[in-house]
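Summary of structural features
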Amino acid sequence: MPRTTRARPSRRRARRAALTALAGPALLLPACATETSPAAAQTGGHGDVAGAEELAEPQLRLSYLDTSGQVHALDLLTGETIAVGSVGPAAAVAGDGRFLFVASDPAGELTVVDTGTWTVDHGDHAHYYRAQPRVVGALDWDGAVRVASSERVTTLFSADTGAGVVLDRAALGQGRIDRLATTEVTPHDGVLLPLGDSLIATGPDRVAVLDAAGEPVDGVEAPCEDVRGGAATLVGVVVSCADGAVLATEADGAVAFERIPYPEPVAAGDRATAFAQRPGRPVLAAVAGERGVWLLDTRARSWQLVGTPTPLVRAVAADDERDRVLGLDVTGRLVVIEPATGGTATTDVLVAAPDEPAAVTLEVDADRAYVNVPSAGVVHEVDYADGARIARTFDTAVPPAFLAETGR
């Protein structure tokens with residue numbers, strides 16, 4: 001596939017690039033210990049960091065690394081690639097829009113990388129920051145990691161061991177790993193997610209509320225047979241159950257649970273078990289076995305099953321304008337689905353052997369989608385609102401085995 005700098009660039013993106021050029025490129029900060037350095041002292045205001053630039057628009061980066069742990073960050077506005085550092089052999093990576101959490105191979109350690117771009121959202125307005133990327137430090141960890149963040153905390157959960165950790169989010173921004181709480185349950189396909197000042201934690205067959213110290217809140221839990229993952233939305237926290245989902249919402253410091261049953265009995269293989277959405281959306285998407293994709297609208301408390309021409313291995317709820325859903329299908333194509341009309345658009349095959357579509361990442365923001373192809377050493381950028389057009393293809397400094405978009 002030909003590589004292009006940009007086909008038909010949008011005015012919005014061109015304006016972003018001009019702003020970034022005026023601000024100047026980000027710089028590399030060598031890997032540091034978990035102690036706060038003078039350059040990372042908090043300056044107040046909006047949780048900003050000394051030396052960080054506040055800019056007019058989001059500073060989006062694609063952060064990627066190979067299996068040996070060489071971390072790089074690609075600035076989507078300037079096209080500049082920054083070498084962040086090395087974190088050692090990597091087995092799995094999770095991101096939260098700013099930080100990367102890299103599970104080591106072999107297991108035993110979780111390394112935190114600050115990619116140096118972030119957004120502070122105040123509802124009616126937002127602040128956009130860019131700073132020097134760095135390796136923050138590491139903590140003991142086994143298995144892959146599931147990550148979620150609020151403005152106050154970052155939660156980590158291992159389905160392999162049942163261990164959970166709550167970190168101080170502000171401290172991470174200052175270069176420290178400070179544990180606020182730890183939890184432990186029977187290993188299962190669950191979650192630990194922040195909701196207001198509380199935490200939503202799962203066991204194999206239940207959903208419970210914990211306080212900020214990680215202690216159970218008496219009497220506030222709901223049954224959930226065969227927990228299989230979950231996610232946070234603007235409305236609340238969703239957990240997948242055998243018969244549908246449990247939705248946890250918070251008001252005035254109190255958490256309430258609601259059940260959202262499937263509209264019909266669903267076979268185990270067709271359940272929604274890997275919810276995903278562009279951050280800030282109330283609608284979640286999940287693969288529905290070989291039938292297509294499930295959409296869960298947390299505002300309407302309703303499910304919708306949308307059939308697809310070919311089975312999907314990834315699905316992400318993308319936008320509010322047309323409720324588009326993006327998916328990677330089993331043939332390695334990116335599929336854009338408009339549930340209201342039944343319309344679809346597809347790319348050519350992006351992910352071919354020896355890569356497997358189920359092993360690559362699909363990242364989605366308000367304008368573009370990104371798919372990494374490790375064997376080809378590229379990341380494809382797709383304009384999903386323009387007929388699944390390939391907008392750019394980036395060559396990467398190392399094979400992009402793991403990918404996360406940051407700065408959102």
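Residues numbered from 1 in each chain as written. Predicted model: local features only at pLDDT ≥ 70, side-chain atom pairs only at ≥ 80, totals over all residues. Heavy atoms only, no water.

1. A short note on the overall build of the protein
Regarding its fold elements, the protein presents two helices and 36 strands. Looking at the protein residue by residue over its 408 residues, the buried ones come to 53%. Expressed as a percentage of contacts within the protein between residues at least 6 apart in sequence, the contacts between residues at least 24 apart total 49%. Accessible surface computed for the protein: about 16600 Å², of which carbon and sulfur atoms make up 51%. (Helix = DSSP H or I, 4+ residues; strand = E, 2+ residues; numbered from the N terminus. Buried < 20%, exposed > 50% of the residue type's maximum accessible area, 1.4 Å probe, protein only. Contact = heavy atoms within 4.5 Å. Areas by Shrake-Rupley, 256 points an atom, 1.4 Å probe, with all protein chains shown as cover.)

2. Some points on the sheet that holds strand 4 (residues 61-65)
The strand order across the open sheet built from four strands is 6-5-4-36, with neighbouring strands paired in antiparallel fashion. The open sheet has two free edges, formed respectively by strand 6 (81-86) and strand 36 (402-406), since each of these has just one partner strand. Strand after strand, the sheet turns through a mean of 20 degrees between neighbouring axes, direction not considered. Alignment of strand 5 (residues 70-75) against strand 6, held across five bridges, turns out to be antiparallel. Counted as the bridge partner of V71 is G85 from strand 6. (Pairing = 2+ DSSP bridges. Axes fitted to C-alpha atoms, helices over the stretch in contact; angles between N-to-C directions.)

3. Brief notes about the packing of aromatic side chains
Counted according to the given criterion, the structure contains six aromatic pairs. Considering the side-chain rings of F99 and F101, the 6.5 Å spacing of their centres and the 55 degrees angle between planes classify their relative orientation as tilted. By relative accessible area, F101 is classed as buried at 0%. An aromatic cluster is present here, built from Y262, F275, W294 and W303 joined pairwise through their rings. Here the basic side chain of R98 rests over the ring of W118, its NZ or CZ set 3.6 Å away from the ring centre. (Phe/Tyr/Trp six-rings, centres within 6.5 Å; stacked < 30°, edge-to-face > 60°. Lys NZ or Arg CZ within 6 Å of the ring centre and 35° of its normal.)

4. Overview of the side chain of E405
Looking at the element boundaries, E405 is found in strand 36. There is a polar contact of 3.4 Å between the side chain of E405 and the side chain of R408. Leave out the neighbours within four places in its chain, and E405 touches L60, R61, L62, L76, G97, E363, V364, D365 and Y370. (Polar contact = N/O pair within 3.5 Å; in protein donor to acceptor, adjacent residues only side chain to side chain.)

5. With respect to the confidence of the model for the protein
With 88% of its residues at a pLDDT of 70 or more, the protein has an overall mean of 88. Under a pLDDT of 50 for its full length, residues 1-47 has, in the predicted model, 106 contacts with residues more than four places off or in other chains. (pLDDT = per-residue confidence, 0-100.)

6. What about the pairing of strand 19 (residues 206-210)?
Put simply, side chains in a regular strand alternate between the two faces of the sheet. Counting buried residues in strand 19 gives four out of five residues, a clear majority hidden from the surface. Relative to strand 19, strand 18 (residues 198-203) runs antiparallel, the two being bridged by five bridges. Bridge assignment links T202 to a residue of strand 19, and that residue is V207. As judged from the four bridges shared by strand 19 and strand 20 (residues 216-223), these two strands associate in the antiparallel manner. The residue of strand 20 that forms the bridge with R206 is P223.

7. Describing the pattern of salt bridges
A side chain with one charge may pair with a side chain of the opposite charge, provided their charged atoms come close. Evaluation of the coordinates by the stated rule reveals 23 salt bridges. The shortest N-O distance in the salt bridge between R324 and D319 comes to 2.4 Å. An identical accessibility class is assigned to R324 and D319; each is buried. Among the charged side chains, a salt-bridge network with shared partners connects R368, E381, D383, D386, R389 and R392. (Salt bridge = Lys/Arg side-chain N within 4 Å of Asp/Glu carboxyl O.)

8. Topic: the state of the cysteines
Scanning the entire structure with this criterion turns up one disulfide. The disulfide partner of C224 is C241, and the gap between their sulfur atoms is 1.9 Å. Its torsion about the S-S bond being -110 degrees, the disulfide of C224 and C241 is classed as left-handed. Taken as a pair, C224 in the loop between strand 20 and strand 21 (230-232) and C241 in strand 22 (residues 237-241) lie far apart in primary sequence, 17 residues in all. There is no split in this pair, since C224 and C241 are both buried. (Disulfide = S-S within 2.5 Å.)

9. Let's talk about the nonpolar core
Looking at soluble globular proteins, one finds that nonpolar side chains tend to be buried together. Core analysis: the biggest nonpolar cluster contains 18 residues, and L326, L334, L362, V364, A369, V371 and Y384 have the highest contact counts within it. Within the residue set of this core, elements represented by two or more residues are strand 29 (325-329), strand 30 (334-338), strand 32 (362-364), strand 33 (369-373) and strand 34 (378-383). For this core, the leading source of residues is strand 33, giving three residues. Not counting residues within four places of it along the chain, the set of residues in contact with L326 comprises R314, A315, V316, A318, L334, V335, V336, L362, V364, A369 and Y384. (Core = buried A, V, L, I, M, F, W, Y, C linked by side-chain atoms within 4.5 Å.)

10. Observations regarding the sheet that holds strand 22
If you walk across this open sheet you meet the four strands as 21-22-23-24, and the pairing is antiparallel. Looking at the sheet topology across the chains shown, the edges are occupied by strand 21 and strand 24 (254-261). Neighbouring strand axes in the sheet, compared pairwise and without regard to direction, differ in orientation by 20 degrees on average.

11. A short note on the pairing of strand 5
With five of six residues buried, strand 5 is to be regarded as a mostly interior element. Looking at chain direction, strand 4 and strand 5 are connected through five bridges and run antiparallel. When the bridges of strand 5 are listed, S63 appears paired with A73. Hairpin connection of strand 4 to strand 5: four residues between the antiparallel strands, including G69 at a positive phi of 95 degrees. Counting the residues in the hairpin turn of strand 5 and strand 6 gives five residues, including G79, whose phi is positive at 80 degrees.

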